[in-house]
Every structure is written in C-alpha cells, then in structure tokens.
Amino acid sequence: MKNKIITFSFFLMIISSIFSQEKDTRYKPAVISINDAINKGMLELKICGSYDRNFFYEVLDGDGVHYGKCMAIVLKSKIDSFVIIKLDCGTFLMPTDSTVQTMLVTHKAEFPLYPGQTYSTRFYAMCAQIHDKAPDIETIFRIGEMADSNLLRLANYLDANYKQNMLGQHAVWAMTDQADFEELKRYGADSNSVIKTKEILNEL
C-alpha cells in the first residue's frame, strides 16, 4: 500500500512538472519600445559606434564604420521583470558630436533585458550624412525620430532584402545627400555597383 502511495505521488509530481513546463513555454515577455522604456526609467542606456580606431580592420566599411553592425548598445535593467526592448528599423540615431554622422537603423532589433542585468551587443545601421565623420566607440548617440516615409521605405527594403552592404549604403546616401556617381566613387562605387544601387532605388 505504501509503495502505491509513493508511486501515485510520483505520478502527480510528473504531471505537475509537465503542466508547469507547458505554462512556461506559453509565457511571452512584454515587448516595449526603446523610447517607452527610456521614458519610464526602466533602463540605463548607452549607444555608440562599434569601430575602435586602435584596432586594424582590413575592410573598414564591412566591419563597422558606415554600415553593417556598425553601432553598439549597452542596456542596464532597472526593473525586476524580464522584458524585450524593441528598436525599430528606420529610427535615427543622433550623435552628441555634431561633426559625426547621424545614423539610420536598418534592421529591426530586439534586446533581452533581464532583471538587474546588463546586456550589450552590436546592431545594423547606416550613415545618413555622407560628409560627416564616421562613428566610433568614443561617439555617444541618443535615440532620435523615425525617418520620413521615403527613407523609412528604403530602410525597410534594405532590411527585408538583406542589403546591409555598400550597395544599400550608397542608396541611402543617394536619397539623404543626393550623392552622384562621382561622389560615391570615393566610397568604393564603380560603374557596376552604381547600376545595382540604382536597381534598389528603382524598386521603390
């Protein structure tokens, strides 16, 4: 009889564990925009360029100067629950140094924010001011407004079509700075790449 009671108790523990796991898998943390999180004092935030001039990069643009994962973010939670922080594609990042480029987020990002913990990573962006200096780890940024409708469409197109590259960056400069072929040549463009950049713009 004692063994049957133990067996039944063990069965209840297994069932309880299964239901508990199912409940956990159904749990979805709140997704909060980064601006709302800032305004509500949910986190401390630092955004800067990811390029470190003290290191040698064989291909600068491809490894974090104008485009690609060229921005870094550090978030420190000030709340006691787990949430997801959302940064929308098409958001401007405004530098505290006016000689540095304004940056455009070109890929929607979601950052996990655990209670009392710090999270850091890099994310995708592109330069929106061709004549200003590129960001680096010394340059601090704040969250700005959303881009206008045309530039927002371009950012979403680049995101959806995996154009986080020179072609996409040149398309952004063609829109934000009316950059022509002669100007883009100084940033790696040639006759073939310009044709492909025009194809991106024509798609819009």
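Given the structure is predicted, the values throughout are model-derived calculations rather than measurements.

**Q** Got a sec to walk through the environment of T118? Specific residues and values, please.
**A** Within the secondary structure layout, T118 lies in strand β8 (residues 118-123). The contact partners of T118, leaving out residues within four places of it in the chain, are V74, L75 and K76.

**Q** Which residues make up the packing of aromatic side chains, and what values go with them?
**A** Across all of its chains, the model carries 4 aromatic pairs by this definition. Here F111 and Y119 contribute two aromatic rings whose centre-to-centre distance is 6.4 Å and whose plane-to-plane angle is 45°, an arrangement assigned as tilted. On the accessibility criterion, Y119 (27% relative accessible area) is partly exposed. Where W173 meets Y187, the ring centres are 4.8 Å apart and the plane angle is 55°; that geometry is what we call tilted. Taken as a pair, W173 in helix α4 (residues 166-176) and Y187 in the loop between α5 (181-185) and α6 (191-203) lie far apart in primary sequence, 14 residues in all. Members of the aromatic cluster, connected to one another through ring pairs, are F111, Y119 and F123. The ring of F181 has K185 sitting right over it, with the charged end atom 5.2 Å from the ring centre.

**Q** An account of the sheet that holds strand β10 (residues 140-146) is needed here, citing residue identities and associated values.
**A** On the basis of which strands lie adjacent, the open sheet formed by 7 strands has the order β8-β3-β2-β10-β5-β6-β9 and antiparallel pairing. Two strands lie at the open edges of the sheet, namely β8 and β9 (125-127), each paired on one side alone. For this sheet, the mean inter-axis angle between neighbouring strands, taken without regard to orientation, is 35°. In this sheet, strand β6 (residues 103-105) lies alongside strand β5 (residues 91-95) in antiparallel orientation, the contact comprising 2 bridges. Bridging across to β6, L93 finds its partner in M103. Strands in contact with helix α3 (residues 149-160) are β5, β6, β9 and β10; relative to β6, the strand with the most contacts, it is inclined by about 60°.

**Q** Mind laying out unusual backbone geometry, listing which residues take part and the relevant values?
**A** In this structure, Y162 is a non-glycine residue whose phi angle is positive, near 55°. Note on placement: Y162 falls in the loop between α3 and α4. On the basis of relative accessibility, which here comes to 73%, the residue Y162 falls in the exposed class. The residue Q178 is not glycine, and still its phi comes out positive at about 50°. Inspection of the secondary structure assignment puts Q178 in the loop between α4 and α5. Residue class for Q178 comes out exposed when judged on its relative accessible area of 60%.

**Q** Kindly report on the pairing of β5, identifying the contributing residues and their values.
**A** Among the 5 residues that make up β5, 4 are buried, leaving the element largely enclosed by the rest of the structure. In terms of strand pairing, β5 meets β10 through 4 bridges, oriented antiparallel. What sits directly across from M94, in β10, is R142.

Thresholds applied
- Residues numbered from 1 in each chain as written.
- Predicted model: local features only at pLDDT ≥ 70, side-chain atom pairs only at ≥ 80, totals over all residues.
- Heavy atoms only, no water.
- Helix = DSSP H or I, 4+ residues; strand = E, 2+ residues; numbered from the N terminus.
- Contact = heavy atoms within 4.5 Å.
- Phe/Tyr/Trp six-rings, centres within 6.5 Å; stacked < 30°, edge-to-face > 60°.
- Buried < 20%, exposed > 50% of the residue type's maximum accessible area, 1.4 Å probe, protein only.
- Lys NZ or Arg CZ within 6 Å of the ring centre and 35° of its normal.
- Pairing = 2+ DSSP bridges.
- Axes fitted to C-alpha atoms, helices over the stretch in contact; angles between N-to-C directions.

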